[in-house]
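Below are the chains, spelled out letter by letter.
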Amino acid sequence: MTTDDRQDDTAHDDRADHADHADDAGPAGHDDHEHHEHDHGDHEHEHHEHHEHSYQAAIEGYRSEKDAFFKSSRQSPIPAEERPAFKGLPYYPVEPDLVFEGLALEPYVGDEPTSFRIPTSDGQLRPARRAGTFTFELDGGPRRLTAYTFESSPSDSLFVPFLDETSGHETYGAGRYLDLEPDDDGTYAVDFNLAYHPSCVYAPQYSCPLTPAENRLATRIEAGERLGEGDADH
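Residues numbered from 1 in each chain as written. Predicted model: local features only at pLDDT ≥ 70, side-chain atom pairs only at ≥ 80, totals over all residues. Heavy atoms only, no water.

A. View of unusual backbone geometry. If you check the backbone angles, Asp139 has positive phi at about 55 degrees while not being a glycine. Structurally, the position occupied by Asp139 is in the loop between strand S3 (125-138) and strand S4 (141-150). Among the residues examined, Asp139 registers a relative accessible area of 55% and is labelled exposed. (Helix = DSSP H or I, 4+ residues; strand = E, 2+ residues; numbered from the N terminus. Buried < 20%, exposed > 50% of the residue type's maximum accessible area, 1.4 Å probe, protein only.)

Below, the structure is given as structure tokens:
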């Protein structure tokens with residue numbers, strides 16, 4: 001594969017690799033984190049603690065598997081010469097309150113065109129589509145994120161990049177990514193503990209979609225991947 005081929009295909013492959021990891025841990029994590037209503041006093045408290053513990057263990061297991069992939073896989077975005085010293089990605093602590101389940105994909109009703117070309121980190125334009133929006137409550141107000149699909153990679157998966165008040169300081173300045181799959185009932189879960197950095201954070205030859213301005217959240221999302229100390233210039 002030539003360098004040009006890699007740049008043309010990497011944005012899709014990058015998201016697909018991360019989605020595969022998310023599929024390993026995400027659904028189990030969501031199942032363990034289901035919210036059930038009980039009126040059983042102490043039993044409710046113990047039940048809630050059990051699910052939180054199971055969810056945290058699932059996320060931590062996912063992170064360990066991803067770190068191993070980044071350190072040893074030939075497909076790792078970590079440059080080969082840096083892998084021997086790689087000790088794992090930096091993360092925020094697991095935050096169960098930043099999981100929003102049962103979200104319906106609402107029709108996109110904004111002012112931007114449904115079909116458009118999303119710019120990438122290497123100056124390309126990738127054909128994309130606004131598939132719909134998700135709305136959830138966070139920090140006392142409604143928040144909305146637009147979900148996208150790519151014409152070059154037809155799939156049920158939705159691409160949800162986002163910016164927040166950590167972007168450019170504690171996290172990558174061009175945003176972080178979420179890959180969403182529908183649950184059995186057709187709804188989706190936005191789990192910010194699964195937010196990840198694009199591969200161009202680690203190596204500039206990757207072509208990574210840049211987050212549209214409409215997906216900027218006016219709050220801090222202290223969950224998922226973050227930059228390490230001294231990396232805030234990304």
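Still more ground to cover, so stick around.
B. Expanded view of the packing of aromatic side chains. Under the counting rule described, the total for this entry stands at 12 aromatic pairs. Put simply, the rings of Phe69, Phe70, Phe86 and Tyr202 touch in pairs and so form one group of aromatic residues. The cationic tip of Arg126 hangs over the ring face of Phe150; the distance from NZ or CZ to the ring centre is 6.0 Å. The aromatic ring of Phe116 is capped on one face by Arg130, whose charged end is 4.0 Å from the ring centroid. (Phe/Tyr/Trp six-rings, centres within 6.5 Å; stacked < 30°, edge-to-face > 60°. Lys NZ or Arg CZ within 6 Å of the ring centre and 35° of its normal.)

C. A look at the pattern of salt bridges. All chains considered together, the criterion is met by five salt bridges. For Glu214, the salt bridge goes to Arg130, with nearest N and O atoms at 2.7 Å. Of this pair, Glu214 sits in the segment after strand S7 (188-191) while Arg130 sits in strand S3, placing them 84 residues apart in sequence. Residue classification places Glu214 among the partly exposed residues on the basis of a relative accessible area of 27%. Ionic pairing is found between Glu222 and Arg220, a salt bridge with its closest N-O pair at 2.7 Å. Here the residues in one salt-bridge network are Glu170, Arg220 and Glu222, joined through shared partners. (Salt bridge = Lys/Arg side-chain N within 4 Å of Asp/Glu carboxyl O.)

Without other data, these values stay purely geometric and don't point to any function.
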